[in-house]
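So the chains spell out like this:
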Amino acid sequence: MIIDKADVIVTSPDRNFVTLKITTSDGVTGLGDATLNGRELAVVAYLTEHVVPLLIGRDPARIEDTWQFLYRSAYWRRGPVTMAAIAAVDVALWDVKAKVAGLPLYQLLGGASRTGLLTYGHASGKDLPELFDSVRDHQEQGYKAIRVQTGVPGLRSIYGIASNATFDANSGVRYDHEPAQRGALPAEEDWDTRSYLRHVPTVFEAVRNEFGPEIPLLHDGHHRMTPIQAARLGKSLEPYDLFWLEDVTPAENPEALRLVRQHTTTPLAIGEIFNTVWDYQQIIREQLIDYVRSAVTHTGGITHLKKVLDYASQYQIKSGMHGPTDISPVGMAAAMHLGLAIHNFGIQEYMKHGARTDEVFRQSFTFVDGMLHPGEQPGIGVELDERAAAAYPYAQAYLPYNRLADGTVHDW
Ligand code: CS2
Ligand code: MG
């Protein structure tokens, strides 16, 4: 059996998705997610122009060898575009291998280490009443753990607030916050860290008073604070016993987390913009994080992310895989198979996709009583309807960016 065909499929049902579909000489197909939000076409070009020609004629069963070949023969290594392209090939080959074996992928990764995957959803509100409604709405959907994002008085629109986002024009259903906005240019948002730092602890106090001490609560600082501001936020949130505080400070400088660790015991999650184990080496070795936030789609696939998580497990650091709407159902399914098999699973992020996305990607994974399960279909359990996909052509979309009051560009 050899790789006969490799197609790069771009579709935009509710948002842009890039999917690699590998077909073998025996007609077995495998899918891999290559969606890089706001830079989708860069990965399309990397795959189409440089990777697909290298795949034709290869033995699809040699996954590790193909990974090493794509990583080392490119000479230029790492980075979001390269690692998303390699991830798509990797997951598609694992999908093929599991289908050939007639098994759900998690069985090839060592079998199930649990009955399902604890999951968190995104509750948000520009004010407390709206936030409380959103928390209740997610509890009614079954979520057992909830991420809380709030508006900040004085700021027009900030990350994570669904009411700032879009309604599904067709179904009228408001699905969670979709940060990438269709259009020729990125939207500019405003930011002020001091008003945010004053406001957020009051919101968590109110949420705990309203919903009690048990419910696991998470928050995303979305890379916006300096190390000492991040340390202050972590400390001020300690009374509210967060499951984790995410991306508190830009992590290009791993030493920044040492200062945060010195001041707070609030658990830290980092890594959704990381792409290889090298991004994690120091912060794992120095025990500076508690959760690895990488997605399979952005970290070289199952082959590489499993190595990151195996390394993390030596330090009792758990997985907290990235699962927003810009990870396609293919990428989500791959994360679930890996999450079910590894020992050091922590929690899985899960933002539900829109109705049109569910039409394009037929999924066998389930979300029951707050727990995800990848299902028992051979492979990863997701199939792509190419006719439906063709009905939704690519639409330029950008993530917003921030400017401070004095006009300075700031992390979004
Ligand atoms: C976020 C994402 O889900 C998260 O934790 O950080 O929504 C992130 O903003 C997007 O994935 C960016 O594409
Ligand atoms: Mg995040």
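Scroll up for the structure.
Note on numbering: residues in each chain are counted from 1, in written sequence order. Each chain is given a letter, starting from A, and each ligand a number, starting from 1, according to the order in which they appear as written. At least 70 in pLDDT is required for a residue's local features to be given in this predicted model, at least 80 for side-chain atom pairs to be given and counted, and no such filter applies to totals for whole chains, interfaces and linings, which use all residues. To get the side-chain values, take all heavy atoms of the structure and skip hydrogens and water.

Student: For this particular structure, what's the right way to read the pairing of strand β5 (residues 145-150)?
Tutor: If a strand is regular, its side chains alternate between the two faces of the sheet. A 1.4 Å probe rolled over the protein chains alone gives each residue an accessible area, and that area as a share of the maximum for its type sets the label: buried under 20%, exposed over 50%, partly exposed in between. Helical segments are the DSSP runs of H or I of at least four residues, strand segments are the runs of E of at least two, and each set is numbered from the N terminus. By the criterion of burial, β5 is predominantly enclosed, with six of the six residues buried. Neither face of β5 is open: one carries Ala145, Arg147 and Gln149, the other Ile146, Val148 and Thr150, and all of them are buried. As paired strands, strand β4 (residues 117-125) and β5 are joined by six bridges and run parallel to one another. Bridged to glycine 121 within β5 is isoleucine 146. Paired strands, in this sense, are two strands between which DSSP finds at least two bridges.

Student: Any chance you could explain the layout of surface pockets here in plain terms?
Tutor: By rolling a water-sized probe across the atoms, one finds the places where empty space is left. Grid spacing is 1 Å over the protein atoms alone, the probe is 1.4 Å, and a cavity is where that probe fits but cannot get out, while a pocket is an open set with protein on both sides within 12 Å along at least five of seven lines and lining residues have an atom within 4 Å of a point. Grid points are joined across faces, edges and corners, and a volume is the space filled by probe spheres set on the points. As a volume, the largest pocket reaches approximately 920 Å³. Residue composition of the lining of the largest pocket, grouped by class: 14 nonpolar, nine polar and ten charged. Gly counts as polar in this scheme, as do all residues outside two lists: the nonpolar Ala, Val, Leu, Ile, Met, Phe, Trp, Tyr, Cys and Pro, and the charged Asp, Glu, Lys and Arg.

Student: Explanation requested: the sheet that holds strand β19 (residues 401-403) in the structure shown.
Tutor: Think of a sheet as strands paired side by side through backbone hydrogen bonds, with each pair either parallel or antiparallel. A sheet is described by the order of its strands in space; here three strands give the open sequence β7-β19-β20, paired in mixed fashion. The sheet is open, and its two borders are formed by β7 (188-190) and β20 (409-410), each paired with just one other strand. Pairing analysis gives two bridges linking β19 to β20, with the strands arranged antiparallel. Opposite arginine 403, over in β20, you have valine 409 as the bridge partner.

Student: Explain the coordination of the magnesium ion (ligand 2) here, please?
Tutor: Tetrahedral coordination by four donors places them ideally at 109.5 degrees to one another around the metal; octahedral coordination by six donors ideally gives 90 or 180 degrees. Bound to the magnesium ion (ligand 2) on the protein side are Asp220 (OD), Glu246 (OE) and Glu272 (OE), at distances that span 2.0 to 2.2 Å. Donor residues for the magnesium ion (ligand 2), ordered by position in the chain, follow D-x25-E-x25-E. In this pair, aspartate 220 is assigned in strand β8 (residues 217-220) and glutamate 272 in the loop between β10 (268-270) and α9 (281-285), connecting sequence segments 52 residues apart. Judged by its relative accessible area of 3%, aspartate 220 falls in the buried class. For Na, K and Ca the donor cutoff is 3.2 Å, while for all other metals N, O and S atoms count as donors only within 2.8 Å; water does not appear among the atoms, so some sites may look incomplete.

Student: Please clarify how empty space enclosed by the protein should be interpreted in this entry.
Tutor: Taken as a whole, this structure holds one cavity of 30 Å³ or more when the rule is applied. The space that makes up the largest cavity amounts to roughly 60 Å³. As for the largest cavity, its lining consists of Gln149, Thr150, Ile158, Tyr159, Trp191, Tyr196, His219, Asp220, Gly221, His222 and Arg224. Here the residues of the lining of the largest cavity are counted per class, giving four nonpolar, five polar and two charged.

Student: Explain the nonpolar core here, please?
Tutor: One broad trend across soluble globular proteins is that nonpolar side chains are buried collectively. To define a nonpolar core, start from buried Ala, Val, Leu, Ile, Met, Phe, Trp, Tyr and Cys residues and group those joined through side-chain atoms within 4.5 Å. Among the nonpolar cores identified, the biggest contains 112 residues, and Ile22, Val89, Ile289, Val292, Val296, Ile302 and Leu338 are the most heavily contacted of them. With eleven residues, helix α3 (residues 80-101) is the single largest residue contributor to this core. Core analysis: the next-biggest nonpolar cluster, separate from the first, contains eight residues, Leu218, Phe243, Trp244 and Ile347 among them.

Student: Quick question: what am I supposed to make of the sheet that holds strand β2 (residues 17-24) here?
Tutor: Reading across from one edge, β1-β2-β3 is the order of the three strands in this open sheet, with antiparallel pairing throughout. Edge strands, defined here as strands with exactly one partner in the open sheet, are β1 (3-11) and β3 (29-33). Shown here is a sheet whose adjacent strand axes are inclined to one another by a mean of 20°, direction ignored. Examined bridge by bridge, β1 and β2 share eight bridges and lie antiparallel to one another. Looking at β2, one finds that aspartate 7 is bridged to lysine 21. To get an axis, a line is fitted to the C-alpha atoms, and for a helix only the part in contact is used. The angle between two axes follows their N-to-C directions and goes from 0 to 180 degrees.

Student: Would you explain the packing of aromatic side chains in this entry?
Tutor: The relation between two aromatic rings is expressed through the spacing of the ring centres and the mutual angle of the planes. Pairing of aromatic side chains here covers Phe, Tyr and the six-membered ring of Trp, requires ring centres within 6.5 Å, and sorts the geometry by plane angle: under 30 degrees stacked, over 60 edge-to-face, intermediate tilted. Summed over the entire model, instances satisfying the criterion amount to 15 aromatic pairs. Geometrically, the ring pair formed by tyrosine 159 and tryptophan 412 is edge-to-face, given 5.4 Å between the ring centres and 90° between the ring planes. Here the residue tyrosine 159 occupies a position in the loop between β5 and β6 (181-182), and tryptophan 412 occupies one in the segment after β20, the gap between them amounting to 253 residues. Both rings, one in tryptophan 244 and one in tyrosine 291, keep their centres 5.1 Å apart while their planes meet at 55°; by these two values the pair is tilted. On the criterion of sequence distance, the pair formed by tryptophan 244 in strand β9 (residues 244-246) and tyrosine 291 in strand β11 (residues 291-292) is long-range, its members being 47 residues apart. Every member of this aromatic cluster is reached through a ring pair, and the members are Tyr120, Phe243, Trp244 and Tyr291. Here, a charge over a ring means that NZ of Lys or CZ of Arg falls within 6 Å of the ring centre while also lying within 35 degrees of the ring normal. Over the ring of phenylalanine 17 we find arginine 15; its NZ or CZ atom is 5.5 Å from the centre of that ring.

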